[in-house]
Amino acid sequence: MKKIQTALILHLFCCKAFQSGDEAIAATAALKAIEANRISRVADAQAILSGLTAQKELAKQVESIAALMGNETEVRKAKIKQVELEIQITNAKVAVAKAEAEGSIAVAQAKLAEMEATKQIDPVKKAELEASIKIAQARLVEAEAVGKNTAVLREQLNILTSSTAANNSMAASTSAVGTAANRTADAVALLNTKYQQSSSY
């Protein structure tokens with residue numbers, strides 16, 4: 001009877017150890033996957049940011065060339081493009097910061113889970129990981145706050161767009177006046193011609 005009880009205890013212990021081992025392996029695999037995802041997300045966000053920054057530099061060059069040529073319309077267009085890109089750059093910076101912060105939180109949580117699964121709990125390491133989570137959460141809040149600051153840029157964009165529309169409207173009005181003046185001159189010239197023809201009879 002005692003032999004049977006001992007065998008059962010050993011069996012239960014082995015099953016528990018096996019399950020614990022599976023949990024540890026799963027936790028380690030999850031940690032690696034989360035770390036890889038964090039690196040991928042941050043890299044993608046940084047690539048988008050780099051592309052937008054390059055576009056803004058190009059828009060600056062276009063503005064400089066247009067200014068040298070005295071083309072105010074193209075200068076305004078280039079300025080509008082730069083503000084539009086600056087808004088996108090700000091959003092991209094927020095995306096990078098959020099990817100880094102969310103990734104850091106996920107990795108720290110995965111490391112804590114791994115410590116629990118492997119039963120290798122280090123109080124100091126645990127405290128450090130918990131502190132890193134709080135810091136990352138604070139950075140996440142900061143990133144969201146920065147994203148709201150695009151309101152100033154949007155207002156600047158509205159001003160530039162409105163002034164461009166006004167200038168275009170003025171140009172259109174001037175063109176219409178010029179066309180009307182030309183038509184009037186043509187009509188006067190036609191009348192003069194008819195008058196000269198009639199007076200020659």
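The shown structure was predicted, so the numbers you read here are calculated from the model rather than taken from an experiment.

It is worth spelling out the overall build of the chain at this point. From N to C terminus, the chain includes four helices and zero strands. For the chain, the residues scored as buried account for 22% of the 201 residues in total. Taking the contacts inside the chain whose residues are at least 6 apart along the sequence as the reference set, 78% of them involve residues at least 24 apart. Looking at the chain as shown, the accessible area adds up to about 14000 Å², and 61% of this sits on carbon and sulfur atoms.

The next thing to look at is unusual backbone geometry. For K119, which is not glycine, the phi torsion reads 60° and is therefore positive. In this structure, K119 sits in the loop between helix 2 (72–118) and helix 3 (123–148). Given a relative accessible area of 64%, K119 falls into the exposed group.

If you look at the biggest cluster of nonpolar residues, it comprises eight residues: A45, L49, L52, A59, L85, I89, A92 and V96. Elements represented by at least two residues in this core include exactly helix 1 (2–68) and helix 2. Among all residues touching V96, those that are not within four sequence positions of it are A45, Q46 and L49. In terms of nonpolar packing, the next biggest core, distinct from the first, is built from seven residues, I105, M115, L129 and I133 among them.

A few words on the environment of L49. Position of L49 relative to the elements: it lies in helix 1. Each C-alpha atom of the pair L49 and Q88 lies 8.4 Å from the other, and the pair is 39 residues apart in sequence. Setting aside anything within four residues of it in sequence, one finds L49 in contact with I89, A92, K93 and V96.

Scanning all chains against the criterion turns up four salt bridges. The residue R41 makes a salt bridge to E102 at a minimum N-O spacing of 2.9 Å. Highlighted residues: R41 in helix 1 and E102 in helix 2, separated in sequence by 61 residues. Using a relative accessible area of 34% as the deciding quantity, one classes R41 as partly exposed. For K77, the salt bridge identified is with E74, shortest N-O distance 3.6 Å. Placement of both K77 and E74 in helix 2 is noted, with a separation of three residues, approximately one turn of the helix.

This part is about helix 3. With 26 residues, helix 3 extends 38 Å from end C-alpha to end C-alpha; this agrees with the ideal 38 Å at 1.5 Å per step. Those residues of helix 3 that sit buried are L129, I133, A136, L140 and A143. The inward-facing, buried residues of helix 3 contact helix 2.

Parameters and conventions
Residues numbered from 1 in each chain as written. Predicted model: local features only at pLDDT ≥ 70, side-chain atom pairs only at ≥ 80, totals over all residues. Heavy atoms only, no water. Helix = DSSP H or I, 4+ residues; strand = E, 2+ residues; numbered from the N terminus. Buried < 20%, exposed > 50% of the residue type's maximum accessible area, 1.4 Å probe, protein only. Contact = heavy atoms within 4.5 Å. Areas by Shrake-Rupley, 256 points an atom, 1.4 Å probe, with all protein chains shown as cover. Core = buried A, V, L, I, M, F, W, Y, C linked by side-chain atoms within 4.5 Å. Salt bridge = Lys/Arg side-chain N within 4 Å of Asp/Glu carboxyl O. Expected span 1.5 Å × (residues − 1).

Any link to function would need more than the numbers given here.
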